[in-house]
Amino acid sequence: MSDLYIYSPSGAVRDRLAFKRGVQFLKTQGHQVTVDPCTLSSSTRFAGTDEERVAAIERAARSGAHASLISRGGYGLTRLLPDLPYKAISKSIDQGMAWVGYSDFTALQLAVLSRTGRITWAGPSLLDSFGSTAVDDITYDCFHDVLSEQGEGTGWRMGLVASKALATRKPGVWA
């Protein structure tokens, strides 16, 4: 399966039981899971200070994992946009890493697209999607499709070459 890097760029993880369930679920599916050292940090409502969360994003980018997955969404990533390690994120995408998340993660997605032209993936978060007591099969199957660069459920297939072609287009040019 895949090497997954779990990190917390937004809100603090309050449901540690769901966090543990999510990590365990992914491991039982055959994934190698690495949890960032600051994933369970807390500073007011955030998963650590702004500096700690930027550092976690940088560690995710340099981890060499197949995918980085947010622990949860929430609020707070927009505060980090000026300080994100765009070069490291871009390089990780060029090397095949899928950046996956939703909710507050949309801010990172749009900033990365705007600054680098690289593509990230709207997808599950650890707590909401894999930390529940009953994981939705379709959600996991779609996540697996992203990791395998294949969208069987929707009939599309996109390999690394096609991903790179999309990512190297000029920002703002859609044709």
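Residues numbered from 1 in each chain as written. Predicted model: local features only at pLDDT ≥ 70, side-chain atom pairs only at ≥ 80, totals over all residues. Heavy atoms only, no water.

A word on the side chain of S125
- With respect to the element layout, S125 can be found in the loop between β5 (121-122) and α5 (126-130).
- At 3.5 Å, the side chain of S125 forms a polar contact with the backbone nitrogen of D128.
- Ignoring anything within four residues of it in the chain, the contact list for S125 reads L69, I70, S71, R72, Y102 and F130. (Helix = DSSP H or I, 4+ residues; strand = E, 2+ residues; numbered from the N terminus. Polar contact = N/O pair within 3.5 Å; in protein donor to acceptor, adjacent residues only side chain to side chain. Contact = heavy atoms within 4.5 Å.)

Concerning the packing of helix α3 (residues 86-94) against helix α4 (residues 105-116)
- Running from N to C, α3 and α4 cross one another at 90°; their axes reach a closest spacing of 10 Å. Between α3 and α4, the crossing angle belongs to the class labelled roughly perpendicular. Contact residues: α3 offers Y86, I89, S90 and I93, while α4 offers A111, V112, R115 and T116.
- Residues belonging to the contact of α3 with α4 are distributed by class as follows: five nonpolar, two polar and one charged. (Axes fitted to C-alpha atoms, helices over the stretch in contact; angles between N-to-C directions. Parallel < 35°, antiparallel > 145°, perpendicular 65-115°, else oblique. Nonpolar A, V, L, I, M, F, W, Y, C, P; charged D, E, K, R; others polar.)

Here's the deal with the sheet that holds β5
- One open sheet holds the five strands; their spatial order is β2-β1-β3-β4-β5, and the pairing between them is parallel. The outermost strands of the open sheet, each flanked by one partner alone, are β2 (32-35) and β5.
- For strand β3 (residues 67-70) and strand β4 (residues 98-101), the ladder comprises three bridges, and the chain directions are parallel. For L69, the partnering residue across the bridge sits in β4 and is V100.
- Most of the contacts of helix α1 (residues 16-28) go to β2, to which it runs at about 150°, and overall it touches β1 (3-7), β2 and β3. (Pairing = 2+ DSSP bridges.)

Brief notes about α1
- Taking 1.5 Å per residue as the helical rise, α1 with its 13 residues ought to reach 18 Å, and the 18 Å between its terminal C-alpha atoms agrees with that figure.
- Of all the residues in α1, the buried ones are A18, F19, G22, V23, F25 and L26. Angular distribution of buried residues about the axis of α1 spans 160°; they occupy a single face of the element. Away from its buried face by more than 90 degrees, α1 exposes L17, K20 and T28. (Expected span 1.5 Å × (residues − 1). Buried < 20%, exposed > 50% of the residue type's maximum accessible area, 1.4 Å probe, protein only. Arc of directions from axis to C-beta.)

Points about unusual backbone geometry
- Of note in the backbone geometry, T44 takes a positive phi value of approximately 55° without being a glycine.
- Along the chain, T44 turns up in the loop between β2 and α2 (50-62).
- On the basis of relative accessibility, which here comes to 63%, the residue T44 falls in the exposed class.

Considering the pairing of β2
- Here β1 runs beside β2; their pairing, made up of four bridges, is parallel. Of the residues in β2, the one forming a bridge with I6 is V35.
- For the segment spanning β1, α1 and β2, crossover handedness is right-handed. (Right-handed = clockwise from strand over helix to strand, strands pointing away.)

What to know about α3
- If you check which residues of α3 are buried, you get Y86, A88, I89, S90, S92 and I93.
- Residues of α3 that are buried sit in contact with α2, β4 and α4.

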